[in-house]
Amino acid sequence: MSVLPPTGLVVRRAVAGDLYEVAALERRCFSDPWSAMAFASLPQNPAVYFGVARHGVGGPLAGYVIAWRVLEEGEVANLAVEPSARRVGVGSQLLDEMLTDARQQLVKRIYLEVRESNAAARRLYATRGFKEVGRRRKYYRSPEEDALILQREEHGTALAVR
């Protein structure tokens, strides 16, 4: 568990009791959201990092991140921040916790897709060393849009949080 003192933000692994709020946040943040059922098995999966950020212990949900790994590669599957909690470091803290977990799991490369128009997310990922390595045409629906494929690669033995 990590606490960011200035805002009282608490980042920890998700548990079953978080899933209702996570699914609700997913619907608020994405035009093509995952179903509530898609989250159900993730907290128990050892190959998944599912972190939630709350305003204080037991406080309201501020955001979540989901990433999974296979051998030495990982993928950020989803990162969402409550609209009223954006641009104050919630996404950064979630991403940093996920990267710390990836480093502990000896992940060498992490990938993600991001909407081309999502400038704020692209800036966040760039600050953590993600670089564009490809494009998926018409990947997103509602509205249709290309996805940029970003990759972060570690050149040593473990990922370093920048």
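S.K.: Outline the side chain of Glu113, supporting the account with residue identities and numerical values.
M.R.: Locating Glu113 in the fold gives a position in strand 6 (residues 109–115). Assessed through its relative accessible area of 18%, Glu113 is described here as buried. A polar side-chain atom of Glu113 sits 3.0 Å from a polar atom in the side chain of Arg136.

S.K.: Can you tell me about helix 1 (residues 19–29), naming the residues and giving the values?
M.R.: Because an α-helix packs 3.6 residues into every turn, residues spaced three or four apart end up facing the same way. Among the residues of helix 1, Leu19, Val22, Ala23, Ala24, Leu25 and Glu26 are the ones counted as buried. Buried-residue contacts for helix 1 involve strand 3 (48–55), strand 4 (61–70) and strand 5 (73–81).

S.K.: Describe the layout of surface pockets, and please don't skip the residues or the numbers.
M.R.: One number sums up the size of the largest pocket: a volume of about 1,100 Å³. Elements that contribute at least two residues to the lining of the largest pocket include exactly helix 1, strand 5, helix 2 (90–104), strand 6, helix 3 (119–127) and strand 7 (131–140). When grouped by side-chain class, the residues that make up the lining of the largest pocket number 22 nonpolar, seven polar and ten charged.

S.K.: Any chance you could break down unusual backbone geometry for me, citing the residues and the numbers?
M.R.: Cis peptide bonds are those with omega within 30 degrees of zero, and the linkage from Ser142 to Pro143 qualifies with 0°. On the secondary structure map, Pro143 appears in the loop between strand 7 and strand 8 (145–153). Look at Lys138: it is not a glycine, yet its phi comes out positive at around 55°. Note that Lys138 resides in strand 7. A relative accessible area of 57% means that Lys138 is categorised as exposed. Structurally, the position occupied by Ser142 is in the loop between strand 7 and strand 8.

S.K.: Tell me about the pairing of strand 7, and name the residues and values.
M.R.: Within a regular beta strand, the side chains point alternately toward one face of the sheet and then the other, so they alternate between its two faces. Direction of pairing for strand 7 relative to strand 8: antiparallel, over a ladder of six bridges. Note that in strand 8 the partner of Arg136 across the bridge is Ala147. Counted along the chain from strand 7 to the antiparallel partner strand 8, the turn is four residues long, and its residue Ser142 has a positive phi close to 55°.

S.K.: Break down the pattern of salt bridges for me, citing the residues and quoting the values.
M.R.: For the structure shown, the criterion picks out 14 salt bridges. We note a salt bridge from Arg13 to Asp101, for which the minimum N-O separation is 2.6 Å. Within this pair, whereas Arg13 is found in strand 2 (residues 9–13), its partner Asp101 is found in helix 2, the two being separated by 88 residues in sequence. For Asp101, a relative accessible area of 11% translates into the label buried.

The rules we used
Residues numbered from 1 in each chain as written. Predicted model: local features only at pLDDT ≥ 70, side-chain atom pairs only at ≥ 80, totals over all residues. Heavy atoms only, no water. Helix = DSSP H or I, 4+ residues; strand = E, 2+ residues; numbered from the N terminus. Buried < 20%, exposed > 50% of the residue type's maximum accessible area, 1.4 Å probe, protein only. Polar contact = N/O pair within 3.5 Å; in protein donor to acceptor, adjacent residues only side chain to side chain. Contact = heavy atoms within 4.5 Å. 1 Å grid on protein atoms, 1.4 Å probe; cavity = no way out; pocket = protein on both sides within 12 Å on 5 of 7 lines; lining within 4 Å. Points joined across faces, edges and corners; volume = space filled by probe spheres on them. Nonpolar A, V, L, I, M, F, W, Y, C, P; charged D, E, K, R; others polar. Pairing = 2+ DSSP bridges. Salt bridge = Lys/Arg side-chain N within 4 Å of Asp/Glu carboxyl O.

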